[in-house]
Amino acid sequence: MPELPEVEVTRRRIAPVLLGRRIARVNTTRPSYFFLTPPGKLRSALVGTTSTEIVRHGKYLVARLDSGAGLLLHLGMTGQLFTSDVHSPRLLRKTARAALAPGEQRGFQPDAHTHLMLEFDDGGPSLYFRDVRKFGKVRLLNEKLADPRLDRLGTDALAIEPAELYERTRDRKVPIKSVLLDQAVLAGVGNIYADEALYLAGVRPARAARRVTREECAALVRAVKRVLGRAIEAGGSSISDFVGPDGSDGHYQDERWVYSRTGERCRRCATPIRRLVIGQRSAHFCPQCQK
DNA sequence: ACCGCACCCTGAGCGC
DNA sequence: TGCGCTCAGGGTGCGG
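Residues numbered from 1 in each chain as written. Chains lettered and ligands numbered in written order. Predicted model: local features only at pLDDT ≥ 70, side-chain atom pairs only at ≥ 80, totals over all residues. Heavy atoms only, no water.

Participant: Residues and numbers for the pattern of salt bridges, please.
Facilitator: Per the stated rule, a full pass over the model turns up 16 salt bridges. Across the pair Glu8 and Arg56 runs a salt bridge whose closest N-O atoms are separated by 2.9 Å. Of this pair, Glu8 sits in helix H1 (residues 4–18) while Arg56 sits in strand E2 (residues 51–57), placing them 48 residues apart in sequence. Among the residues examined, Glu8 registers a relative accessible area of 7% and is labelled buried. Assessed through its relative accessible area of 15%, Arg56 is described here as buried. Note that Asp147 and Arg149 form a salt bridge whose closest N and O atoms lie 3.6 Å from each other. Taking relative accessible area as the criterion, Asp147 reaches 1% and is therefore assigned buried. Here Arg149 falls in the partly exposed class, since its relative accessible area comes to 24%. A network of salt bridges, in which partner residues are shared, links Glu8, Arg11, Arg12, Arg56 and Asp156. (Salt bridge = Lys/Arg side-chain N within 4 Å of Asp/Glu carboxyl O. Helix = DSSP H or I, 4+ residues; strand = E, 2+ residues; numbered from the N terminus. Buried < 20%, exposed > 50% of the residue type's maximum accessible area, 1.4 Å probe, protein only.)

Participant: Can you tell me about the nonpolar core, naming the residues and giving the values?
Facilitator: Of all hydrophobic cores here, the largest spans 41 residues; its most connected members are Leu165, Ile176, Leu186, Leu220 and Leu228. Of all elements in the fold, only H1, helix H5 (162–169), helix H6 (176–181), helix H7 (191–201) and helix H8 (214–233) reach the threshold of two or more residues within this core. It is H8 that contributes the most residues to this core, 10 residues altogether. Dropping the residues within four chain positions of it, Leu165 is found in contact with Ile160, Val179, Val185, Cys217, Leu220 and Val221. Ile23, Phe35, Ile54 and Leu61 belong to the second largest nonpolar core, which has 26 residues in total. (Core = buried A, V, L, I, M, F, W, Y, C linked by side-chain atoms within 4.5 Å. Contact = heavy atoms within 4.5 Å.)

Participant: An account of the state of the cysteines is needed here, citing residue identities and associated values.
Facilitator: Per the counting criterion, the structure on display carries zero disulfides. Here Cys217 is not cross-linked by a disulfide; its sulfur's nearest cysteine counterpart is in Cys289, at 20 Å. Under the relative-accessibility criterion, Cys217 is labelled buried at 0%. Between Cys266, a cysteine without a disulfide, and Cys289, which holds the nearest cysteine sulfur, the sulfur-to-sulfur distance is 3.7 Å. With relative accessibility at 4%, the residue Cys266 sits in the buried group. (Disulfide = S-S within 2.5 Å.)

Participant: Explain helix H2 (residues 39–46) to me, using residue names and the numbers behind them.
Facilitator: Pro39, Leu42 and Leu46 are the residues of H2 that are buried. Down the axis of H2, the sector holding all buried residues measures 60°, keeping them to one side. Turned more than 90 degrees off the buried face of H2, the exposed positions are Lys41 and Ser44. Residues of H2 that are buried in the fold lie against strand E1 (23–28), strand E3 (60–65), strand E4 (70–74), strand E6 (114–120) and strand E8 (137–141). Positive backbone phi, approximately 95°, marks Gly48, located one or two places after H2. (Arc of directions from axis to C-beta.)

Participant: Hey, could you go over the pairing of strand E12 (residues 281–285) for me, with residue numbers and the actual values?
Facilitator: Along E12, four of the five residues are buried, which leaves the element largely enclosed by surrounding structure. Linking two consecutive strands that pair antiparallel, namely strand E11 (residues 274–278) and E12, is a turn of two residues; a positive phi of about 60° is found at Gly279 within it. (Pairing = 2+ DSSP bridges.)

Participant: Quick one: what's the story with H5, residue by residue and with numbers?
Facilitator: Looking at H5, one finds that the buried residues are Leu165, Tyr166 and Thr169. Within H5, the buried residues cover an arc of 100° as seen down the axis, which keeps them to one side.

Participant: Let's hear about the environment of Leu276: which residues, and what values?
Facilitator: Turning to its location among the elements, Leu276 is positioned in strand E11. When its relative accessible area of 32% is taken as the criterion, Leu276 is described as partly exposed. Along the backbone, Leu276 and Lys291 are 15 residues apart, and their C-alpha atoms lie at a distance of 15 Å. Among residues more than four places away in sequence, those in contact with Leu276 are Ala206, Arg281, Ser282, Ala283 and Phe285.

Below you can see the structure in the form of structure tokens.
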């Protein structure tokens, strides 16, 4: 699910629930590669601590603990971070969802996909990390908050300058879209917003990166920032799994220009949107508006 | 250094 | 209703 806007929305909404509250109990599911730090070690390190800060690096979240350690979180494709008092049908499987009368669900009961559960000593809402596909990650960090995944990240997508994108694409023969998705170049852009930004910049996703001009790189950087900023304002995209920490849906999907609109008409020129596969991922574009 | 590919996992949607 | 198939917004590690 989550790209930079969804992670940032999550960070902002999770902060008031997490910061300044002492963790009283930690429950987890069985060890799996979801847990880069084994569950037992995670439990003992977290109980009794309080988070003082939570920051975002690309699609990663890092919480600083008062013990000095840190907690690294990545939502993968289907990760959901939310509080126990949500009431969102999106958190149920479709079959279970269909059986509910509107407004019937109250709160959330942890299920087999809820891998990390934090309870606090004030008796208030708990924090849950649920992830059906387990592509998400949890890891305890040392006092320097060091992690090879974070070290590999390029400039945050909201902070990159046109000159850097231009320079970083000069020796790249791969499609420009693959560079936008490369977290070592710019951190935070995923499949949806890469397609949206390429549309706004008028650049076809399959174009070799080094054939993108300086002016187009500048337009792309503007488009990336604009689309990410707009998606954050809209609360993210809730295309399949994303749900805000309070259970609300994002609305950016209602504003999509091209993503997952194959065969539908371009909002500007009415040409049917086309789909390609680039780097084993679907890419969507308008053949008229993008060159 | 760069590039393509397999792989981690589960569920939804589709055609039959 | 059920089966088999394809697809899904991410990231890593491998071999060429």
